[in-house]
Amino acid sequence: MIKVAKFGGTSMADASAITRSANIIKAEESRRYVVVSAPGKRFSQDTKVTDMLYACCHELELDGTCEDTFAKIRERFIGICADLGLSLDITPYLDKVKEGIYKYRSTSYCASRGEYLSGVIMAAALGYEFVDAADVVVFTCDGEFDAASTRSALQAKLADTPRAVIPGFYGADEHGTVHTFSRGGSDITGALIAEAVKADMYENWTDVNGFLSADPRVVDNPKLISKLSYKELRELAYMGANVLHHESIFPVRSSGIPINIRNTFAPEESGTLIVPEVKDSEVTDTVTGIAGKTGYSIIYIEKSMMNNEYGFVRKILSVLEQYNISFEHMPSGIDTLSIVVSDSSIAGRESVLLDRITKAVAPDHIKIKSGICLIATVGHGMKSNLGTAAKLCGALSGAGVNLRMIDQGSSELNIIVAVDSRDYGKAINAIYKAFKC
């Protein structure tokens, strides 16, 4: 059996956490490939190493120096090595990183160095080979991830490397220029390695017992999800359930590799198992989980007989495309269309967008409603339980929440609703209570 084990920032935050993570790895011979994040917070008021590295880049741009901030980073890593009792001299690695920060003046380079240094330390602690992600995770020169080249590079390198530690989050192009995934991208690195080595399991070690059915900051003591499908995971992760990066399922999905979310600080817990498919016989609940995001606006468009007007939607989307605005959802009626977009994508351009859309399609009425949140109710059990949408709407009505939009996917896997942001917590709790998630 081969397992790929990825450890997040809290699992690498200090010597104690790293020791705990190393013991987990050593506990099973099958944990042959390890992916690490940069050290996270040690306590609530602490600063993540990645944020300190971003600060270095910002200070360098503004002031031409980042000596004070880098000194704190240096102290942090030297302290970790000392507390671990490693013979590793981390100083040359830190000097190289500092030199690179000043030389490249690249946000991606700066941000990636926390993972790089974590990888060096974990490899020394385990006695595993260190494999730099810059050598095996391939990006194009314009910063696009190259999946095929990465797969080839990983397979070639790891075929002759029985045990290795690989930093997460970054890779490099053919010229050695460092590029990064989006924040939390170490999850993606782990999935890529699991695919390349044909792993039997991809373990993702974090600081929670697994995937919860709702955000514990919103719902008191939500239930742990013991098993869910790739599709359910993607829907929940995309809508804000941030235990796992929503793009990390793609590398493992085609190979059918299960993902196990585990707690570094409670390794006796079995966690959440994420599988290619959940059998109908295994579905016991209508709803698997609920997740949501704030920070959206809805563009409301009304026009009589718009359904008979060729190219109506295309013209509207062309306007959005001109301004590099993507949309989240687009439910429609015979004479109405609602387009959900992020607040950040239209900020300061609302009047211009309304004017351009008006010129493009001459609507009878158009407006933008801001202060919207989206809530996803997800579960394979929906398709076999009648009245799910009615029950959801009834729960919101009973809680005094005004429904701004509802959109159910064709797979009957999820229902997305839009409500006013001020009703976010109330709406999630009402849905959770209705379905007893």
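**Observations regarding the side chain of R76**
Phase 1: In this structure, R76 sits in helix 3 (residues 67-84).
Phase 2: Assessed through its relative accessible area of 7%, R76 is described here as buried.
Phase 3: Among the polar contacts listed, one links the side chain of R76 to the backbone oxygen of A13, at a separation of 3.2 Å.
Phase 4: Aside from chain neighbours lying at most four places away, what touches R76 is A13, P39, G40, R42, D46, T47, V49 and M52.

**Looking at the side chain of S21**
Phase 1: With respect to the secondary-structure elements, S21 resides in helix 1 (residues 15-26).
Phase 2: A polar side-chain atom of S21 sits 2.8 Å from the main-chain carbonyl oxygen of S11.
Phase 3: Among all residues touching S21, those that are not within four sequence positions of it are F7, S11, M122 and T264.

**A look at the sheet that holds strand 3 (residues 129-130)**
Phase 1: One open sheet holds the eight strands; their spatial order is 3-4-2-1-7-9-10-8, and the pairing between them is mixed. Each having just a single partner strand, strand 3 and strand 8 (227-229) make up the two edges of the open sheet.
Phase 2: Here five bridges tie strand 1 (residues 3-7) to strand 2 (residues 31-36), and the two strands are oriented parallel to one another. Across the sheet, residue V4 finds its bridge partner in strand 2, namely Y33.

**A word on the environment of T377**
Phase 1: If you trace the backbone, T377 turns up in strand 13 (residues 365-378).
Phase 2: When its relative accessible area of 0% is taken as the criterion, T377 is described as buried.
Phase 3: Taking the C-alpha atoms as reference points, T377 and D335, 42 residues apart in sequence, are found 27 Å from one another.

**Concerning the packing of helix 6 (residues 147-158) against helix 7 (residues 186-196)**
Phase 1: Put simply, helix 6 and helix 7 touch, their axes get as near as 9 Å, and they point 65° apart. Taken as a pair, helix 6 and helix 7 cross one another with a handedness that is right-handed. Across from T150, R151, L154, Q155 and L158 in helix 6, the residues of helix 7 making contact are L192, I193, E195 and A196.

**Considerations on the nonpolar core**
Phase 1: Formed by 91 residues in total, the largest nonpolar core has its most connected members in V4, V34, I101, M122, I193 and I259.
Phase 2: It is helix 5 (residues 107-126) that contributes the most residues to this core, nine residues altogether.
Phase 3: Apart from the residues lying within four places of it in its own chain, the contact partners of V34 are A5, F7, I25, M122, L126, Y128, A164, V165 and I166.
Phase 4: The next biggest cluster of nonpolar side chains, apart from the first, holds 22 residues, and it includes I375, M382, I415 and V417.

**Observations concerning the packing of helix 2 (residues 49-63) against helix 5**
Phase 1: Orientation of helix 2 relative to helix 5, taken along the N-to-C sense of each, is 150°, at an axis distance of 8 Å. When the axis of helix 2 is compared with that of helix 5, the two are roughly antiparallel. The two elements helix 2 and helix 5 meet at a crossing, and its hand is right-handed. Taken together, the residues of helix 5 that come into contact with helix 2 (itself represented by V49, T50, L53, Y54 and C57) are T107, C110, A111, R113, G114 and E115.
Phase 2: Its residues placed into classes, the contact of helix 2 with helix 5 shows six nonpolar, three polar and two charged.

**Considerations on the pattern of salt bridges**
Phase 1: Using the criterion set out here, one finds 21 salt bridges in the structure.
Phase 2: The shortest N-O distance in the salt bridge between D46 and R42 comes to 2.7 Å.
Phase 3: By relative accessible area, D46 is classed as buried at 10%.
Phase 4: Close ionic contact of K157 with E129 constitutes a salt bridge, the shortest N to O distance being 3.1 Å. In this pair, K157 sits in helix 6 while E129 sits in strand 3, placing the two residues 28 residues apart along the sequence.
Phase 5: Under the relative-accessibility criterion, K157 is labelled partly exposed at 33%.
Phase 6: One continuous salt-bridge network, built from bridges that share partners, spans K3, E28, R31, E203 and R262.

Cut-offs used in this document
- Residues numbered from 1 in each chain as written.
- Predicted model: local features only at pLDDT ≥ 70, side-chain atom pairs only at ≥ 80, totals over all residues.
- Heavy atoms only, no water.
- Helix = DSSP H or I, 4+ residues; strand = E, 2+ residues; numbered from the N terminus.
- Buried < 20%, exposed > 50% of the residue type's maximum accessible area, 1.4 Å probe, protein only.
- Polar contact = N/O pair within 3.5 Å; in protein donor to acceptor, adjacent residues only side chain to side chain.
- Contact = heavy atoms within 4.5 Å.
- Pairing = 2+ DSSP bridges.
- Axes fitted to C-alpha atoms, helices over the stretch in contact; angles between N-to-C directions.
- Left-handed = near helix turned anticlockwise from the far one by under 90°.
- Core = buried A, V, L, I, M, F, W, Y, C linked by side-chain atoms within 4.5 Å.
- Parallel < 35°, antiparallel > 145°, perpendicular 65-115°, else oblique.
- Nonpolar A, V, L, I, M, F, W, Y, C, P; charged D, E, K, R; others polar.
- Salt bridge = Lys/Arg side-chain N within 4 Å of Asp/Glu carboxyl O.

From the geometry alone we can't say anything about function, so treat these as descriptive.
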